[in-house]
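Summary of structural features
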Amino acid sequence: MNEFVRFYEENGISPVSQDISDLELHIKRRERLYRLLGIDSRLFKDADILEVGAGSGYNTLVFLLLGAKVDIVEPNPVGRKEMQKLFDNYSIDPKRYRIYDCVIEKYESSKKYDFVIAEGFLPAFGDSEREKILQALLKQVSHNTYLILTTICEFSYFFEYLRIVLGLCLVREVSNFSNKVQKLCVAFKSHLDSLGFASRPIEDWVKDSILNPTNDHFSYSLKKSAEDIRKFSIYNKEVGRFDVIGISPNFILNLSWYKDMGYSYIDAVIEQFDCKKYLLLSTEFKEMNLNQKTIGWLSDNVVQLRLLVHKLRKNVDFSIIEAIVELLQQMSNNCFQLGEFFVESLRECIELLKNPLELTEYKISAMPNFSRAWGRGQQYMSIKAIIE
Ligand SMILES: C[S@@+](CC[C@H](N)C(=O)[O-])C[C@H]1O[C@@H](n2cnc3c(N)ncnc32)[C@H](O)[C@@H]1O
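You'll find the chain entered in an unreviewed UniProt entry as Methyltransferase domain-containing protein, with Helicobacter canadensis MIT 98-5491 given as the organism.

Structure representation (structure tokens):
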């Protein structure tokens, strides 16, 4: 059992539900996402989908409502139970889906899928474990398959790591899981309320984004993922050359034009990512003129924060909090180019972390700038073999 499934099983949770009281809106949101990835939702009609790590099935429900047949691989029993209930509530014909109780590494099928979809879990593993999962996913991909993956890296998760630091300090003396969740919900409600488009209930967000220890691995960038896929295409002559069809957010220039049949967007993603990754830090950011030295310096700092968060999760030690304060101070003194909102957000965190013993849920809740500071958390990428 991997660390991810262990965390969910130990606490008897599948914290990935979504508010689908407005089902039309939920479907529209999902259709829009797939359109951004170059996939019209009409393609799901009668399609064969393999969905891996489907959680409680809220996204699966949309594929089913759009007419797809779905094989679902989900190792968490709570997730499987909740998705079964959800499909029953919406009277989904049980012949249109099958739920497999295993991890993808143990899944065997000779089916040729139209879509292999793995949303929201690949970044939560260390490199060697993720490689095995990716190999298992790629085994199910043929030359006609769209593969959908998600990535999260230190840039896109920077503000969330700061929330984890505040959250871990806040609940350092609370041992009961649901008491921790309650306290953290009070602290972060105003933060989530600032996100107009949030669809996950706050309890689930707190369990998954603050308390889930696998978040400390989030170092899987779009560039790394594109490199993994390119490596696979080189070695798998049967399937052919893969290219990226679309990414969301779409921040990497695609200069392909109709005559340029050999253009490789996957290469463009790999080449441009390091110059553009600062855009993932904050939803407020537009293109800026940052030089490579500044981006490199930022990169070192955001990676350092992730490593400190990992240490803090094991032991909420004051020397680690001091190291985090020092790191944030350096950043706030040197990143005026990122704008006042960014710097002020860091300063608010520094102020609270200087006195961790006096931290309360009310102080976290009342942070004027930081409560509205969000990164471009999770990125999506669609990939397909190119017909040559
Ligand atoms: C964060 S949830 C994502 C749920 C849903 N896909 C979404 O994006 O909202 C990740 C899911 O991956 C599942 N999972 C973890 N490791 C897995 C593996 N090796 N194979 C298949 N599923 C796995 C977990 O049980 C969990 O339900």
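Back to the text.
What follows concerns the overall build of the chain. A tally of regular secondary structure across the chain gives 14 helices and 7 strands. Here the C-alpha radius of gyration of the chain, 21 Å, is about what a compact globule of 388 residues would show, namely 21 Å. Considering only C-alpha atoms, the chain reaches an extent of 55 × 50 × 35 Å along its principal axes. Looking at the 388 residues of the chain, the share that counts as buried comes to 40%.

Before going further, it helps to spend a moment on the domain arrangement of the chain. Under the domain assignment used here, the chain contains domain 1 (3-151) and domain 2 (155-215 + 282-372). Tallying the contact residues gives 11 residues for domain 1 and 11 residues for domain 2. Among the residues forming the side of domain 1 that touches domain 2, the class breakdown is 6 nonpolar, 3 polar and 2 charged.

This part covers the pairing of strand β4 (residues 115-118). On a regular strand, each side chain points to the face opposite its neighbour's, so the side chains alternate between the two faces of the sheet. Residue alternation in β4 divides its side chains into two sets, Phe115 and Ile117 and Val116 and Ala118, and both sets are buried. Across 3 bridges, strand β1 (residues 48-52) lies against β4 in parallel orientation. In the sheet register, glutamate 51 faces β4, and the bridge partner there is isoleucine 117. Summarising the sheet, β4 and strand β5 (residues 146-151) pair through 4 bridges and their orientation is parallel. Its bridge partner lying in β5, phenylalanine 115 is registered against tyrosine 146. In this fold, β4 hands off to helix α5 (residues 127-139), which returns the chain to β5; that crossover is right-handed.

A word on the site of the ligand. By nearness alone, 23 residues border the ligand, and Gly53, Gly55, Asn76, Val103 and Gly120 come closest of all. Per-element accounting of the shell around the ligand gives the leading share, 3 residues, to helix α1 (residues 3-11). Along the lines of polarity and charge, the residues of the shell around the ligand split into 12 nonpolar, 8 polar and 3 charged.

Turning our attention to helix α3 (residues 58-65). In terms of residue burial, α3 counts as a mostly covered element, since 6 of its 8 residues are buried. Those residues of α3 that fall on the buried side of the exposure criterion are Tyr58, Thr60, Leu61, Val62, Phe63 and Leu64. Considering only its buried residues, α3 is in contact with α2 (23-36), β1, β2 (69-73), α4 (77-89) and β3 (97-100). Downstream of α3 by a residue or two, glycine 67 has a phi angle that is positive, lying close to 100°.

With respect to the helices and strands, the residue leucine 36 is situated in helix α2. Residue classification places leucine 36 among the partly exposed positions, given that 15 C-beta atoms sit within 10 Å. In contact with leucine 36, other than residues within four places in its own chain, are Gly246, Ser248 and Asn250.

This next bit is on the packing of α2 against α3. It is at 10 Å that the axes of α2 and α3 come closest, and there the two elements cross at 85°. Judged on the interaxial angle alone, α3 and α2 are roughly perpendicular. Residues His26, Ile27 and Arg30 of α2 lie in contact with α3, whose contacting residues are Asn59, Val62 and Leu65. Partitioned by chemical class, the residues of the contact of α2 with α3 number 3 nonpolar, 2 polar and 1 charged.

The next thing to look at is the pairing of β2. β2 sits mainly inside the fold: 4 of its 5 residues count as buried. Sheet analysis places β1 next to β2, joined by 5 bridges and oriented parallel. For glutamate 51, the partnering residue across the bridge sits in β2 and is isoleucine 72. Here β2 runs beside β3; their pairing, made up of 4 bridges, is parallel. For isoleucine 72, the partnering residue across the bridge sits in β3 and is isoleucine 99. Since β2 and β3 lie parallel, the crossover through α4 that links them has a hand, and here it is right-handed.

Here we take up unusual backbone geometry. The residue after serine 248, namely proline 249, is reached through a cis peptide bond having omega 0°. Locating proline 249 in the fold gives a position in the loop between β6 (242-248) and α10 (265-276). One non-glycine residue, aspartate 46, lies in positive phi territory at about 65°. By the secondary structure assignment, aspartate 46 is in the loop between α2 and β1. Residues other than glycine seldom take positive phi values, yet serine 91 does so here, at roughly 50°. Here serine 91 is to be found in the loop between α4 and β3.

Calculation rules
Residues numbered from 1 in each chain as written. Predicted model: local features only at pLDDT ≥ 70, side-chain atom pairs only at ≥ 80, totals over all residues. Helix = DSSP H or I, 4+ residues; strand = E, 2+ residues; numbered from the N terminus. Rg over C-alpha atoms; globule rule 2.2 N^0.38 Å. Buried ≥ 20, exposed ≤ 12 C-beta atoms within 10 Å, placed from the backbone. Domains from an automatic or database assignment. Contact = placed C-beta atoms within 7 Å. Nonpolar A, V, L, I, M, F, W, Y, C, P; charged D, E, K, R; others polar. Pairing = 2+ DSSP bridges. Right-handed = clockwise from strand over helix to strand, strands pointing away. Near = placed C-beta within 6 Å. Axes fitted to C-alpha atoms, helices over the stretch in contact; angles between N-to-C directions. Parallel < 35°, antiparallel > 145°, perpendicular 65-115°, else oblique.

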